[in-house]
Amino acid sequence: MRAFSFKSLLHPKTLRTRLVVAFLTVVLVPLIGTGLYGNWVTSKIIQERAVEAAHNDTLRRAQQIDDFLDGVRGDVLYLANLDDLQELLAAREQGDAPAGESARQQLSREFLVFSRSHLNYYQIRYLDETGQEIVRVDSDGQAARIVPANRLQNKASRYYFTDTIQLPPGMLYVSPLDLNREFGAIEFPYRPVIRYATPIYHEGQLRGIVIINIFAERFLAFLDGDTDSQTAMLVDQDGYYLAHPDQDKRWGSPRDLDTGENLHRDYPELASTVLAGEVGSQTAAREVLVYAPVYPLAADPGKYWMVVHAESVDSMFAPITAFRVTAATILAAAVLVAISMILVLSRRLTDPLIALQQGVKRFGEEAAYHPLPVLADDEIGQLTGEFNRMADAIQGHIWHLTLLNEAAREIAAGLERKTTSRAILTAARRLLDVEQAAFVEAADDGAVRATEWQGGWDGESWPQHELVLGLYRQAREQGTVQIVQLEEDCAVGVAPLRPEGTGGLFLAVCGKPAVLQAPAAAKLFTTLAAQADIALQNVALYERLEAHRRRLSSLLKALITAQEEERKLIAYDLHDGLIQYLVGARLCLSGCVLQNGKDEAQVGKALSESLRQLATAIQEGRRLIEGLRPTLLDDLGLAAALRELTELGAAAQGWELDLQIDLEDDDLDPSIEITAFRIVQEALSNVRKYAQAKRVELTAFVRDGRLRIQVRDGGQGFDLEHLEKKRPSVGLASMRERAELVGGRCEIHSAPGEGTLVSLELPLRPEVDTGDV
């Protein structure tokens, strides 16, 4: 097994690299994606919970303040309805000073008892309608005391008095939370105070107010517990700090220290949103603000303070950072484990494949193949086993192909039928490893006969089993190799051959079933049969070409003979016709010369005869020229030439003529036209010379792409077979040969007393006659 190599791993074209990339994609992408998504979701949940915890803490602090102030509101109303206060008001209404003083003292004691049980109040007072303090109890948070009458002050000018006396019965007044003032100056050390007051009415008349001054530190203490990263603040509607860890920022409003320190200065972008009087949270730079309103007077939602929880982002979301670090560590460990597993798995998958690839390479480079070891019983092991079997089969096929190539060379070595047939049978026995091989002809009646064979059987004893006979029919119908087992140790295979277009010739073999019924046997037999088919067709083609060559040689001899005969006829026509007329004209002219000046009448007669002889000679010359090359054929075409030729012959011989020529729109090759013209010319010449006919019929037309002409005469006819045996006719032979030279045919039918029919069929263009190859 090969050593691990990162270089081979990183090669982009190796299977191992692709597997690693695929596994990383399949495993790590979902893993990382799931981790990142889980990180995002969890971080969001932690963030929401951190903000929710800050909200809950802010709301808790706001509720604590609200509960505290709600108790104050109840206490004010309780004190306003004390019986001792009503007795004091009644005594003063009646002008009873002793009773009034007694009631005042009793009310002072009642306020004192109440103050001792409520140490959050540092001052409880009753002021009459003029603003004069009537009863006042002060407390330092530990002990309460009644302020003597000589120390009571008039508060008619203070805002809390003037605002409270404007209220209807039962309503409460809440002063701003500010620093306490004594005798017009801010008390030091600073004492934040808030006052709750309610107007006192007796019999419908305003009789003053009851007011409680509260130690604001008692409920501002609910905002304590700050850390370096967390800050709890209380601001009024204008944003001035009522409580803040930094003392220099407290009480910055104009009615207090007037320092200007407020929420707008510290958080200019968020102040307006925070001071809107609603619960919420905002993030500024690296700090998160969570806020909730507190209503000092529940009946007046227009007046409120805001409890603000300020915490650094790092502090509030520290659990998120810790979670992300932990998650990243776990994810990195999972990625490393996954990569390690992927590398190990890819190596286990690819090492057998690499061994298989090396085996394939060796198999391609070496002639012999050594089977690869099967290392596992998995798909790769099965693939290796199948490759071993395939390689063994390929080696067998290579061996068969070698034999097949040798057989093909031997089969194609000659063009003689006997030699080729012997080579085919020898190749079949050697290639298919059979005992017998033969060429078999199957007749239509089902009988079979071996025409050539090798092996133990002869032609008569070739298997005539019913299965074999059906095998020939099946092979012929399907055009494929057929193999059947006859006996335990005998199987027969047949392959259809098609040389010469017979379709009834087969290459048949007989051998052992295990050999012939092997998977490769049918393919080898089919390939051999195809090569044998081609070889036999080549032999047949060679034989036909040889016959055609001999036939062409014979036709050439016949054509030369016909040309010589035609030249003889021309010579005879020149000697018996044109020369005789010219000789006659010469004699007449010679007579004219001798008679010149003697007998003018005799001279004129001789000249007339000479002119007649010359005119006849000219006509005979034109006839000979027309016979050599019909000018009418060149000028007007085949139809006009045939009509002219036939009409001239009819005029000269007195035939009754029947012409049916329909060739006006047909485009014929010039060689076809001259061939047709010469054959018809020869046929009419034979009618003129031998037929003694009274009637001649000529038809010419084109049908199915062929020119068809018939010349029929009503003459005496002749015995064609007897004539050709006795003395072959050069004219008849030349007619046939002319037609065959352009790919047509000319047939002559005749019998004594029945006339003669010449049937001519020619292509529209010359065709090369190759025989029926």
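Residues numbered from 1 in each chain as written. Predicted model: local features only at pLDDT ≥ 70, side-chain atom pairs only at ≥ 80, totals over all residues. Heavy atoms only, no water.

Draft legend 1. Structural detail: the overall build of the protein. Of the regular secondary structure elements, the protein holds 21 helices and 24 strands. Out of the 773 residues in the protein, the part that is buried amounts to 41%. A sequence separation of at least 24 residues applies to 58% of the contacts in the protein between residues at least 6 apart. For the protein, the accessible area works out to roughly 42,400 Å², and carbon and sulfur atoms hold 54% of it. (Helix = DSSP H or I, 4+ residues; strand = E, 2+ residues; numbered from the N terminus. Buried < 20%, exposed > 50% of the residue type's maximum accessible area, 1.4 Å probe, protein only. Contact = heavy atoms within 4.5 Å. Areas by Shrake-Rupley, 256 points an atom, 1.4 Å probe, with all protein chains shown as cover.)

Draft legend 2. Main features of the sheet that holds strand β11 (residues 241-243). With antiparallel pairing, the five strands of this open sheet are ordered in space as β11-β10-β14-β13-β12. Among the strands making up the open sheet, the edge pair consists of β11 and β12 (280-284). For this sheet, the mean inter-axis angle between neighbouring strands, taken without regard to orientation, is 30°. Strand direction decides the pairing type here: β12 and strand β13 (residues 287-294), joined by five bridges, are antiparallel. Following the sheet pairing, Gln282 is matched in β13 by Leu289. (Pairing = 2+ DSSP bridges. Axes fitted to C-alpha atoms, helices over the stretch in contact; angles between N-to-C directions.)

Draft legend 3. Focus on the nonpolar core. Ranked by internal contacts, the top residues of the largest apolar core, which has 48 residues, are Phe111, Tyr126, Leu177, Phe219, Leu220, Leu234 and Trp305. No other element matches the eight residues that helix α2 (residues 15-80) contributes to this core. Core analysis: the next-biggest nonpolar cluster, separate from the first, contains 38 residues, Trp655, Ile679, Ala700 and Val711 among them. (Core = buried A, V, L, I, M, F, W, Y, C linked by side-chain atoms within 4.5 Å.)

Draft legend 4. Structural context of the sheet that holds strand β23 (residues 745-750). Spatially, five strands are ordered β20-β21-β22-β24-β23 in an open sheet, and the strand pairing comes out mixed. Edge positions in the open sheet fall to β20 (656-662) and β23, since each of these has one partner strand only. Here the strands of the sheet are splayed against their neighbours by 10° on average, with no regard to which way each runs. Sitting on the sheet, helix α18 (residues 638-653) is in contact with β20, β21 (695-703) and β22 (706-713), with an inclination near 180° to β20. Helix α19 (residues 670-691) contacts β21, β22, β23 and β24 (756-763) of the sheet and is inclined by roughly 10° relative to β22.

Draft legend 5. Layout of the pairing of strand β9 (residues 205-215). Counted residue by residue, β9 has nine buried out of eleven residues, so it is predominantly covered. Relative to β9, strand β1 (residues 121-127) runs antiparallel, the two sharing six bridges. Bridge pairing in β9 links Tyr121 to Ile214. Pairing of strand β8 (residues 192-202) with β9, which is carried by nine bridges, proceeds in the antiparallel orientation. Pairing of Pro199 across the sheet is with Ile209, part of β9. Here β8 hands over to β9 after two residues, with Glu203 in that stretch at a positive phi of 55°.

Draft legend 6. Here's a closer look at the packing of helix α3 (residues 83-94) against helix α4 (residues 97-117). Here α3 crosses α4 at 160°, and the two axes come no closer than 8 Å. Our classification of the angle between α3 and α4 gives roughly antiparallel. The handedness of the crossing between α3 and α4 is left-handed. Of α4, the residues touching α3 (which contributes Asp84, Leu85, Glu87, Leu88 and Ala91) are Ala99, Gly100, Ala103, Arg104, Gln106, Leu107 and Glu110. For the contact of α3 with α4, the per-class residue count stands at six nonpolar, two polar and four charged. (Parallel < 35°, antiparallel > 145°, perpendicular 65-115°, else oblique. Left-handed = near helix turned anticlockwise from the far one by under 90°. Nonpolar A, V, L, I, M, F, W, Y, C, P; charged D, E, K, R; others polar.)

Draft legend 7. Just the confidence of the model for the protein, in detail. Per-residue confidence for the protein gives a mean pLDDT of 80, with 82% of residues at or over 70. Element-level mean pLDDT values for the protein span from 50 in helix α1 (residues 6-10) up to 94 in strand β2 (residues 133-139). The low-confidence segment residues 769-773 (pLDDT under 50) makes eight contacts with residues lying over four places distant or belonging to another chain. (pLDDT = per-residue confidence, 0-100.)

Draft legend 8. Expanded view of the pattern of salt bridges. Taken as a whole, this structure holds 23 salt bridges when the rule is applied. The partner of Asp178 in a salt bridge is Arg195, and the shortest N-O contact between them spans 3.5 Å. Placement of the pair is Asp178 in strand β5 (residues 178-179) and Arg195 in strand β8, with a sequence separation of 17 residues. Here Asp178 matches Arg195 in class, with each residue buried. Taking the shortest distance from any N to any O, the salt bridge between Arg712 and Glu697 comes out at 3.9 Å. Of this pair, Arg712 sits in strand β22 while Glu697 sits in strand β21, and the two are 15 residues apart along the sequence. Overall, Glu697 belongs to the partly exposed group, its relative accessible area being 26%. Through salt bridges with shared partners, a single ionic network connects Glu656, Asp658, Arg695, Glu697 and Arg712. (Salt bridge = Lys/Arg side-chain N within 4 Å of Asp/Glu carboxyl O.)

Draft legend 9. Layout of α18. Between its first and last C-alpha, α18 extends 22 Å over 16 residues, near the 22 Å set by a 1.5 Å rise per residue. Where α18 is concerned, the buried positions are Leu638, Ala639, Ala641, Leu642, Leu645, Thr646, Gly649 and Ala650. (Expected span 1.5 Å × (residues − 1).)

Draft legend 10. Highlighting the environment of Ser157. Note that Ser157 resides in the loop between β3 (144-146) and α5 (159-164). It is 7.7 Å that separates the C-alpha atoms of Ser157 and Gly131, two residues lying 26 residues apart in sequence.

Draft legend 11. Structural view of the packing of α18 against α19. At a minimum axis distance of 10 Å, the contact between α18 and α19 shows a crossing angle of 10°. In terms of orientation, α18 and α19 fall into the roughly parallel class. Residue-level contacts link Leu638, Ala641, Leu642, Leu645, Thr646 and Gln653 of α18 to Glu673, Ala676, Phe677, Val680, Gln681, Leu684 and Arg688 of α19. For the contact of α18 with α19, the class distribution of residues is eight nonpolar, three polar and two charged.

Draft legend 12. Molecular detail of the side chain of Asn213. As for its placement among the helices and strands, Asn213 is situated in strand β9. With residues up to four places along the chain from it excluded, the contact list for Asn213 reads Tyr121, Tyr122, Gln123, Arg125, Val193, Ile194 and Arg195.

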